[in-house]
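# Inside the fold
The primary structure of each chain is shown beneath.
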Number of protein chains: 2
Amino acid sequence: MNPIPPSHLLDALNWRYATKQFDPSKKIDEATWQVLEEALVLTPSSYGLQPWLFFVIKTPELRARLRPHSWNQPQITDASHLVVFAIPDKIDVPFMDKYLDRIAEVRGVGLDSLAFYRDMMLKDVITGPRSAWSKEWASRQVYIALGNFMTAAAIVGVDTCPLEGIAPLEYDSILDLTAKGFHTVVACAAGYRSADDKYASSPKVRFEMSDVIQHL
Amino acid sequence: MNPIPPSHLLDALNWRYATKQFDPSKKIDEATWQVLEEALVLTPSSYGLQPWLFFVIKTPELRARLRPHSWNQPQITDASHLVVFAIPDKIDVPFMDKYLDRIAEVRGVGLDSLAFYRDMMLKDVITGPRSAWSKEWASRQVYIALGNFMTAAAIVGVDTCPLEGIAPLEYDSILDLTAKGFHTVVACAAGYRSADDKYASSPKVRFEMSDVIQHL
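Each value, and the rule that gives it
- Residues numbered from 1 in each chain as written.
- Chains lettered and ligands numbered in written order.
- Predicted model: local features only at pLDDT ≥ 70, side-chain atom pairs only at ≥ 80, totals over all residues.
- Contact = placed C-beta atoms within 7 Å.
- Helix = DSSP H or I, 4+ residues; strand = E, 2+ residues; numbered from the N terminus.
- Nonpolar A, V, L, I, M, F, W, Y, C, P; charged D, E, K, R; others polar.
- Pairing = 2+ DSSP bridges.
- Core = buried A, V, L, I, M, F, W, Y, C linked by C-beta atoms within 7 Å.
- Buried ≥ 20, exposed ≤ 12 C-beta atoms within 10 Å, placed from the backbone.
- Axes fitted to C-alpha atoms, helices over the stretch in contact; angles between N-to-C directions.
- Least-squares fit on C-alpha atoms with pLDDT ≥ 70 in both.
- Expected span 1.5 Å × (residues − 1).
- Arc of directions from axis to C-beta.
- Parallel < 35°, antiparallel > 145°, perpendicular 65-115°, else oblique.
- Left-handed = near helix turned anticlockwise from the far one by under 90°.

## Concerning the interface of chain A and chain B
Opposite the 68 residues of chain A that make contact, chain B presents 68 residues. At the level of secondary structure, the elements contributing two or more residues to the side of chain A that touches chain B comprise helix H1 (6-15), helix H2 (30-41), strand S1 (53-56), helix H5 (93-107), helix H7 (134-155), helix H10 (209-212) and strand S5 (213-215) of chain A. The element that contributes the greatest number of residues to the side of chain A that touches chain B is H7(A), accounting for 13 residues. Per-class residue counts for the side of chain A that touches chain B are 42 nonpolar, 16 polar and ten charged. In terms of strand pairing, S5(A) meets strand S1 (residues 53-56) of chain B through three bridges, oriented parallel. Paired with A:His215 across the two strands is B:Val56, which belongs to S1(B).

Below you can see the structure in the form of structure tokens.
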């Protein structure tokens, strides 16, 4: 792996901002989008369990129906791509076993060799302490994916806007997620900023480093 | 901004893994670490509110005391750096107003011009729907920072290991966070993988793309 010069990383993170106005005429090309989907898939998660499903909303009619349930934010319809980050309704034994099957397949090992790992997950996420709040735990994992996605997009020069101001239940209904066994957590629009977006040139507001980082 | 070739991004994301064994002799140099701290500070958050504090634990004695409350994971003591991600105990009016003061300072605008924005945050996060679960909401923001941090680190060739298996209350006590008004959410070790870490060469396990991404 050839590391990228650290200054490039900071350039990208300073360049990114929560894009309010996307240029509807500028689309992310298929090769670049494919990389961003791969980046989503590669997101780290606790136990590697990947308790998520990413819905890429391409149909303009669906985007138009989502917009009124998103404070009418134009990013919903104007951005090149819209990703809805969802969690499964149940983090249960079948879900865990699907993951263990996948480990066995990818690593070419027997399920018996994963018995200890299975037991650890079972007694934490499925029946143990985390089971009481496993949906919230899954939602946190989704936010790792959101963070990874926004950074990855910036790195390759794609603008994003994270969207928490959406009505998850309306999204579930419009996208038929309930029937699929999933629930909306958050969304993110991706594309290219409009030349008219005044926020693009507004100085980025962050607390002083000494206010958010302490060395102990 | 010069975008980085998408293949470089994927190389970095494929290279990264949850490092189990760090090489204790390899330290992140000061310039690279500074960039990673800046990356943390640049993390996006809802409303831009940055409901977090990042504690970089340098003191070996503190690291040794944290380890037993982290399932004795060696990353806690062996990694070059350890970051504890914390949220403020209260997301309240003073916290919000500190942020508004900062916007006014950075953008050179009057607080009166931010009245609408203040009202929107107030009626959501401070007294509105999100106030009932503002600590969990803040924790989710912290996970954006975690996702951003792990991706940023991989981009510059630094290994990380996210650590959810820690005892937050013990961390709060050892690091004296309660007295500072903060609460531990998650941690992340950073440094360089040991040549002995067999997980470094294990094939990465992810569900098939078609199992986690759907196009609608």
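## Here we look at the nonpolar core
With 116 residues, the main nonpolar core has A:Phe85 and B:Phe85 as its most contacted residues. Once residues within four sequence positions are removed from consideration, A:Phe85 is found in contact with A:Trp52, A:Phe54, A:Val142, A:Ala145, A:Leu146, A:Val185, A:Val186 and A:Ala187.

## Some words on the sheet that holds strand S3 (residues 159-163) of chain A
Taken in spatial order, the five strands line up as S3(A)-S4(A)-S2(A)-S1(A)-S5(B) in an open sheet, and their pairing is mixed. In the strand order of this sheet, the two ends are held by S3 of chain A together with strand S5 (213-215) of chain B, each with one partner. Strand-to-strand twist in this sheet, taken as the mean axis angle between neighbours without regard to direction, amounts to 25°. Along the sheet, H7(A) contacts strand S2 (81-88), S3 and strand S4 (182-191) of chain A; its crossing angle with S4(A), the most-contacted strand, is approximately 10°.

## Thoughts on the relation of the copies chain A and chain B
The two copies are related by a screw operation: chain A maps onto chain B through 180° of rotation and 0.0 Å of translation along the axis, at an RMSD of 0.0 Å. This pairing of chains is accounted for by a two-fold axis. Comparing contact sets, 100% of the residues at the interface of chain A also lie at the interface in chain B, consistent with an isologous, same-surface contact.

## A word on unusual backbone geometry
For A:Tyr47, which is not glycine, the phi dihedral falls at a positive 60°. With respect to the helices, strands and loops of the structure, A:Tyr47 is situated in the loop between H2 and S1. Its identity as a non-glycine residue notwithstanding, B:Gln50 has a phi of 50°, on the positive side. Looking at the element boundaries, B:Gln50 is found in the loop between helix H2 (30-41) and S1.

## A look at the sheet that holds S5(A)
Taken in spatial order, the five strands make up an open sheet running S5(A)-S1(B)-S2(B)-S4(B)-S3(B), and their pairing is mixed. The outermost strands of the open sheet, each flanked by one partner alone, are S5 of chain A together with strand S3 (159-163) of chain B. Pairs of neighbouring strands in the sheet enclose a mean axial angle of 25°, with direction left out of account. Bridge analysis of S3(B) against strand S4 (residues 182-191) of chain B gives five bridges, and the strand direction is antiparallel. For B:Leu163, the partnering residue across the bridge sits in S4(B) and is B:Ala187. Packed onto the sheet, H2(B) meets S5 of chain A together with S1, strand S2 (81-88) and S4 of chain B and runs at close to 140° relative to S5(A). Strands in contact with helix H7 (residues 134-155) of chain B are S2, S3 and S4 of chain B; relative to S4(B), the strand with the most contacts, it is inclined by about 10°.

## Describing the environment of B:Ser25
Residues and elements named next belong to chain B. Mapped onto the elements, serine 25 comes out in the loop between helix H1 (6-15) and H2. Classification of serine 25 as exposed rests on a count of 10 C-beta atoms within 10 Å. For the pair formed by serine 25 and serine 70, sequence separation is 45 residues and the distance between their alpha carbons is 21 Å.

## Some words on helix H5 (residues 93-107) of chain B
Helix length check: H5(B) (15 residues) gives 21 Å between terminal C-alpha atoms against 21 Å at 1.5 Å per residue, within 8%. Of the residues flanking the end of H5(B), it is B:Gly108, one or two places downstream, whose phi is positive at about 60°.

## Let's talk about H1(A)
All of the buried residues in H1(A) are A:Pro6, A:Leu9, A:Ala12 and A:Leu13. Relative to the axis of H1(A), the buried residues are bounded by an arc of 125° and lie together on one face. The inward-facing, buried residues of H1(A) abut H7 of chain A together with H2 and H7 of chain B.

## Some remarks on the environment of A:Tyr171
Residue and element names in this part refer to chain A. Within the secondary structure, tyrosine 171 sits in helix H8 (residues 168-174). Under the C-beta neighbour-count criterion, tyrosine 171 is labelled buried, with 24 such atoms within 10 Å. Spatially, the C-alpha atom of tyrosine 171 lies 16 Å from that of tryptophan 52, the residues being 119 residues apart in sequence. The contact partners of tyrosine 171, leaving out residues within four places of it in the chain, are Leu66, His69, Val84, Ile166 and Thr184.

## A short note on the packing of H2(A) against H1(B)
In the contact formed by H2(A) and H1(B), the axes pass within 10 Å of each other and the chain directions differ by 15°. In terms of axis orientation, H2(A) runs roughly parallel to H1(B). Considering only the axes of H2(A) and H1(B), their crossing is left-handed. On H1(B), the residues touching A:Thr32, A:Val35, A:Glu38 and A:Ala39 of H2(A) are B:Pro6, B:Leu9, B:Leu10 and B:Leu13. Residues that form the contact of H2(A) with H1(B) fall into these classes: six nonpolar, one polar and one charged.

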